[in-house]
Amino acid sequence: MSVTMPPRDEAVLARRDQIVAALRRIVPGEGVIATEREMRPYESDGLTAYRQLPLVVVLPSTTEQVSQVLRYCHDAGVKVVPRGAGTSLSGGALPLGDGVLLGMAKFNRVRSIDFADRVAVVEPGVTNLAVTKAVEHAGFYYAPDPSSQIACTIGGNIAENSGGVHCLKYGLTTNNVLGCELVLMTGEVVRLGGAHLDAGGYDLLGIVTGSEGLLGVVTEVTVRILQKPETARAMLVGFGSTEAAGDCVGRIIAAGIIPGGMEMMDRLATEAVEQFVHAGYPLDVEAILIVELDGPRVECDHLIEQVSGIARDCGALTLRVSTSEEERLLFWAGRKAAFPAVGRISPDYYCMDGTIPRAKLPYVLQRTRALSAQYGLRCANVFHAGDGNLHPLILYDANQPGELERAEAFGADILRLCVEVGGVLTGEHGVGVEKRDLMPTMFSDIDLAHQQRLKCAFDQKGLLNPGKVFPVLSTCAELGRMHVSGGRLAFPDIPRF
Amino acid sequence: MTDTLAPRDAGEVEAAVRWALGAGKTLEIVGHGSKRAFGRPAQTDATLDLSALSGVTLYEPTELVLSARAATPIAEIEALVEAAGQALAFEPMDLGPLLGQPPGAGTLGGVVATNLSGPRRLKAGAARDHVLGFTAVSGRGETFKAGGRVVKNVTGYDLPKLLAGSFGTLAAMTDITIKTLPRPQTEASVLVLGLAPAQAVAAMAAAMGSPFEVSGAAHLPAAVATAAGVAALPGGVAVTALRLEGVAPSVAHRRESLLALLAPHGSCADLDAGASRALWRSIRDVTPFAASEGGDAAASPVWRVSTAPSRGAALAAAIASACDARILFDWAGGLIWVALPPSPDAGAAVVRGAVARCGGHATLVRAPAAVRAVVDVFEPQPAALAALTRRVKESFDPQGVLGSGRLWAGV
Ligand SMILES: Cc1cc2nc3c(=O)[nH]c(=O)nc-3n(C[C@H](O)[C@H](O)[C@H](O)COP(=O)(O)OP(=O)(O)OC[C@H]3O[C@@H](n4cnc5c(N)ncnc54)[C@H](O)[C@@H]3O)c2cc1C
Ligand SMILES: Cc1cc2nc3c(=O)[nH]c(=O)nc-3n(C[C@H](O)[C@H](O)[C@H](O)COP(=O)(O)OP(=O)(O)OC[C@H]3O[C@@H](n4cnc5c(N)ncnc54)[C@H](O)[C@@H]3O)c2cc1C
């Protein structure tokens, strides 16, 4: 493990039995897991290169229990790491050896559905797909659809502000969540938003979304549900170069079309997926584009016509339009299985997640190819093309000495490149422990201090998920210090009247 | 007389805040000051006038992104994106007429800092959903940035959301990056006539629950519809309006489908693109409650209430049963604009009582300064949330130099 975690609190480790006993008084029975064997499944999340057994695992099932656990840990100075399904790809749910792992899996009920208001109230341990399952009988769905949607939870989605292949048109988690119940580290319970829009006051819901479990524990969520489009059809287009495919994406948007989804895969990714899923992807092209258009049939037909013309102008080599729902889902099945498919052609892979201004795509791909040669590691590319979110998958073998380190160095170079061209380190997977030490490539110390002080407003003692997101842990007292000089204007000539 | 500082660039904004910190002064941030009548009256020592920080610095339509200095006139930005076939999808309202100011004023910073949006909010989101990044000077006198220029970004906390709707109480934004989107090619509206509010809310729920991508759902009771000043409306009858936007063949198809869906709810009519545009502009700017320029309409208070759409009719009825209210429903019943006769508390007891029963929150958008000084303009918060809000304020502005008291006392 190449990142340094906060120093272990020996006093907490020495008091382990006492802490476990206290937690058992709050969450009885099987809700507290303290044996090494039973804690093993919790030692890592989707970023499996990092592993750490927690001090103890607690699985509360009520808000009151969460509140009591947090209050106890707050008073006893014990760190807490929240966990949903553990599919985070950035180590957000990586346990701490001296910290409680707070598993939210028992919060698995859909509390209410209101079709008139188009909202569902769910517990945070409900999986993303289960929300759609709960409302689809009435023709509704929950829009954000991460590829991990069978497993990942709404609580995890909020913490990571997860996206999906349809977020170009329908938004990320943050645009589809209306409210939540949040337990602060002190045990205080606050409600943010609700079934109405734009809660008054500061947009704390907007801050909690994407906060990677550092600000509070989410115990209930109100999400917006949407009526399914009348029809949806997908186009599968093959190009002779990734540049041509990228150009096509830009021209579709320039024509005023925002497709329901627009995804790109390069040759290596396409080959891996085709072997695995047999989606009928063309194998003699350098890049494929999946463009989904949705809405009334007349609109789909109209837009498919337009997009076909644009694709031809961009030199498309192959072009298929789905003619049935099965075929549309098959086109997507390949894309949604891209990560596991790449996992089959390599012992290990490392998934990156930078976002770039779309026009920089050819340059970034060219530099990535050069880096691939330099590090001697293959790289398959999968992109949310519409919004410039890249998922380079670096292929390596952890059993070969030095390969993991090389893969990590390669990945870090790709992310620095994303920032260099005006993009960002992570589009949807989160900073976690993985990208933590790269934060200074994007943010100054002052930028980071403003974010960390916000954490202090929620968690003064810094006990909730420390060691994630921020490269340097400072106490809130240090962060709060201010140096005020004088009362003299540094630029005395500012116009003043 | 209050002192005004008018920095010419971002560096001078930082210097000005540092001066205020050192001198123990408080500042009110102003873009054009066109919306100063909104919020608790400022109790600041000096004004930080950002109007010199103007100009679009980047606009790439194919990347759907625009950056501008914070005090760039919103009208300039809207004209620029319109010429490129794009729009600000959150349809920012022009509060000017409601507040008795000329229309068309205001800055990008003001629009973001107030997080107001228009009828399309229920489909496309508010300003908060379209701010990608910013640079600002916090109440600590430090320049910092957050977010970026791309839509998919979870690198660090989403501070652009926090600054949206912060009313200048956390930081003075100097540069802002927002998302632009293609303009809908055309639009049309379907009307259901003569419905009572509860029936209208049911009709709007049916429309919103349909797959026809309704991008506006409003109900104007008869008197309010008449005051909307839209010639194409039938007149003398309540109007429930549903807007459809997009490419022409799709709009035509959905118009027919929606007319069929709503026929059982009442007698229907429809509006073509021009009339539809006029109607939604009037709804967006709450024209029926506009204050005549320089007139004394400001004495008649206007509230903006956000609630769950299905509670909209009950909430409005609770207010109307207690006082002589004029009401306009937007967001399928989830946004209620309420105009009341003048009274010492601007009707706060009635409005807040109804909100307490039905859920949501109420903002006093228009009232004389004397009333806004004694009545909470923004919904009072429960204790734990109020304390958290105060800690958030202090984390950006520990000495309370920026806009103090604009939201609540001390915040
Ligand atoms: C194969 C695969 C495909 C993926 N595809 C996508 C994709 O398409 N798009 C995408 O965005 N992501 C994707 N991911 C990443 C991952 O699934 C998401 O980040 C997901 O939201 C994590 O949810 P989880 O329930 O597994 O959370 P966990 O991994 O358990 O936790 C993630 C973070 O959330 C916090 N957390 C969890 N629950 C709570 C709570 N109740 N309160 C407060 N904090 C909490 C944790 O502390 C941690 O920081 C993929 C992952 C895999 C393995
Ligand atoms: C096409 C059009 C659309 C409009 N849309 C809207 C709208 O959606 N919402 C709206 O309120 N008005 C809108 N207006 C104008 C409206 O009439 C308001 O007067 C205007 O937004 C207020 O902007 P201002 O710059 O004058 O803000 P001011 O009245 O100067 O300030 C409003 C609030 O924002 C804060 N603020 C202003 N600038 C900054 C900054 N740079 N950093 C931090 N805080 C800041 C202030 O402290 C204050 O709390 C629009 C006008 C036009 C022509």
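Residues numbered from 1 in each chain as written. Chains lettered and ligands numbered in written order. Predicted model: local features only at pLDDT ≥ 70, side-chain atom pairs only at ≥ 80, totals over all residues. Heavy atoms only, no water.

To continue, consider the side chain of Q451 of chain A. Examined against the element boundaries, Q451 of chain A turns out to sit in helix α17 (residues 445-458). By relative accessible area, Q451 of chain A is classed as buried at 0%. In terms of polar contacts, Q451 of chain A uses its side chain to reach the backbone amide nitrogen of Y157 of chain B, at 2.9 Å. For Q451 of chain A, the residues in contact, after removing those within four places along its chain, are F443 and F470 of chain A together with G156, Y157 and L159 of chain B. (Helix = DSSP H or I, 4+ residues; strand = E, 2+ residues; numbered from the N terminus. Buried < 20%, exposed > 50% of the residue type's maximum accessible area, 1.4 Å probe, protein only. Polar contact = N/O pair within 3.5 Å; in protein donor to acceptor, adjacent residues only side chain to side chain. Contact = heavy atoms within 4.5 Å.)

Quick look at the sheet that holds strand β12 (residues 231-239) of chain A now. The strands making up a sheet associate through backbone hydrogen bonding, with each pair oriented either parallel or antiparallel. Residue and element names in this part refer to chain A. The seven strands are arranged β15-β12-β14-β13-β17-β18-β16 in an open sheet whose pairing can be described as antiparallel. Each edge of the open sheet carries a strand with a single partner, namely β15 (318-321) and β16 (348-351). Recorded for the sheet is a direction-independent mean angle of 15 degrees between the axes of neighbouring strands. One ladder, built from nine bridges, connects β12 with strand β14 (residues 287-295); its direction is antiparallel. Along β14, the bridge assignment pairs A234 with E292. (Pairing = 2+ DSSP bridges. Axes fitted to C-alpha atoms, helices over the stretch in contact; angles between N-to-C directions.)

Let us now look at the pairing of strand β12 (residues 214-220) of chain B. Residues and elements named next belong to chain B. Within β12, seven of the seven residues are buried, leaving the element largely enclosed by the surrounding structure. Bridge count for β12 against strand β13 (residues 239-246) is six bridges, and the pairing is antiparallel. Bridging across to β13, G216 finds its partner in R243.

A few words now on the domain arrangement of chain A. Residue and element names in this part refer to chain A. The domain boundaries assigned to chain A delineate domain 1 (10-103), domain 2 (110-227), domain 3 (233-434) and domain 4 (445-490). Taken over C-alpha atoms, the centre of domain 2 sits 28 Å from the centre of domain 4. Each partner contributes to the interface: domain 2 provides twelve residues, whereas domain 4 provides ten residues. Regarding the contact of domain 2 and domain 4, the summed buried area is about 1000 Å², with carbon and sulfur atoms giving 78% of it. On inspection of domain 2 and its partner domain 4, the count reaches zero salt bridges. (Domains from an automatic or database assignment. Buried area = accessible area lost by both parts, 1.4 Å probe. Salt bridge = Lys/Arg side-chain N within 4 Å of Asp/Glu carboxyl O.)

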